[in-house]
Amino acid sequence: QEPLVESGGGLVQAGGSLRLSCAASGGTFSRHSMGWFRQGPGKEREFVAAINWSGGSTDYTDSVKGRFSISRDNIKNTVYLQMNSLKPEDTAVYYCAIGAGYGLEYRGSGYHYWGQGTQVTVSP
């Protein structure tokens, strides 16, 4: 198994920044893509960002492009989500996940291990 532990969530005012971290245990982290998803109140889980195994390729949902940045450190087995210019509509529980393969994955079914989630709340 690849247990994942997210951290870095919290309460921030609109326009502020947060950096989420997701630490993985186990030896296969660097062979897999990683992703961030979120689930807002009363909403379905949605894709936020993905990064391939090497960190050389990333992609984002349109609503966060230019504001969020995903990165990874394969030595520390950690993936990050830097969130800038936060908006109230970014309020959600954020989940990281390990992809089943090397490349970018956009669907939840493409990920096989999930973290427990970290709450991000953006006040107006």
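Up top is the structure these notes are about.
As a starting point, this report considers the structure included with it. Computed from a predicted structure; not experimentally measured. (Residues numbered from 1 in each chain as written. Predicted model: local features only at pLDDT ≥ 70, side-chain atom pairs only at ≥ 80, totals over all residues. Heavy atoms only, no water.)

What follows is about the state of the cysteines. Applying the stated criterion to the full structure yields one disulfide. In this model Cys22 forms its disulfide with Cys96; the gap between the sulfur atoms is 1.9 Å. Since a negative S-S torsion denotes a left-handed disulfide, the Cys22-Cys96 link at about 50 degrees is right-handed. With a gap of 74 residues between them, Cys22 in strand β3 (residues 18-24) and Cys96 in strand β9 (residues 92-99) connect regions that are remote in the sequence. With respect to burial, Cys22 and Cys96 carry one shared label: buried. (Disulfide = S-S within 2.5 Å. Helix = DSSP H or I, 4+ residues; strand = E, 2+ residues; numbered from the N terminus. Buried < 20%, exposed > 50% of the residue type's maximum accessible area, 1.4 Å probe, protein only.)

As a further point, take the pattern of salt bridges. Note on pairing: side chains with opposite charge can pair once their charged atoms come close. Applying the stated rule across the entire model yields four salt bridges. With a shortest N-O distance of 2.7 Å, Asp90 and Arg67 are connected by a salt bridge. Placement of the pair is Asp90 in the loop between β8 (78-83) and β9 and Arg67 in the loop between β6 (58-60) and β7 (68-73), with a sequence separation of 23 residues. Taken together, the salt bridges that share partners define one network made up of Arg38, Glu46, Arg67 and Asp90. (Salt bridge = Lys/Arg side-chain N within 4 Å of Asp/Glu carboxyl O.)

Counting 26 residues, the largest nonpolar core has Trp36, Phe68, Val79, Leu81, Met83 and Tyr94 as its most contacted members. Membership of the second largest hydrophobic core comes to five residues, among which are Phe37, Phe47, Ala97 and Tyr111. (Core = buried A, V, L, I, M, F, W, Y, C linked by side-chain atoms within 4.5 Å.)

We now examine the packing of aromatic side chains. Here the structure, examined in full by the defined rule, presents six aromatic pairs. The interplanar angle of 75 degrees and the centroid separation of 6.3 Å between the aromatic rings of Trp53 and Tyr102 together place this pair among those described as edge-to-face. Residue Trp53 is found in the loop between β5 (46-51) and β6, and its partner Tyr102 is found in the loop between β9 and β10 (111-114); the two are separated by 49 residues along the sequence. Judged by its relative accessible area of 42%, Trp53 falls in the partly exposed class. An aromatic cluster of at least three residues, connected via ring pairs, comprises Phe37, Phe47, Tyr106, Tyr111 and Trp114. The aromatic ring of Tyr80 is capped on one face by Arg19, whose charged end is 4.0 Å from the ring centroid. The aromatic ring of Phe37 is capped on one face by Arg45, whose charged end is 5.7 Å from the ring centroid. (Phe/Tyr/Trp six-rings, centres within 6.5 Å; stacked < 30°, edge-to-face > 60°. Lys NZ or Arg CZ within 6 Å of the ring centre and 35° of its normal.)

What follows deals with the sheet that holds β7. Note: strands within a sheet are paired through backbone hydrogen bonds, in either parallel or antiparallel orientation. With antiparallel pairing, the four strands of this open sheet are ordered in space as β1-β3-β8-β7. Two strands lie at the open edges of the sheet, namely β1 (4-7) and β7, each paired on one side alone. The sheet shows a mean angle of 15 degrees between the axes of neighbouring strands, direction not considered. Relative to β3, β1 runs antiparallel, the two sharing four bridges. When the sheet's bridge partners are listed, Glu6 is paired in β3 with Cys22. (Pairing = 2+ DSSP bridges. Axes fitted to C-alpha atoms, helices over the stretch in contact; angles between N-to-C directions.)

What follows is about unusual backbone geometry. For residues that are not glycine, phi is negative in most cases, and the peptide bond is trans in most cases. Phi is positive for Asn77, which is not a glycine, with a value near 55 degrees. Judged by its relative accessible area of 18%, Asn77 is buried. The backbone of Ser85 sits at a positive phi, close to 50 degrees, despite the residue not being glycine. With respect to the secondary-structure elements, Ser85 resides in the loop between β8 and β9. By relative accessible area, Ser85 is classed as partly exposed at 41%.

Function-wise, these values are silent; they only describe arrangement.
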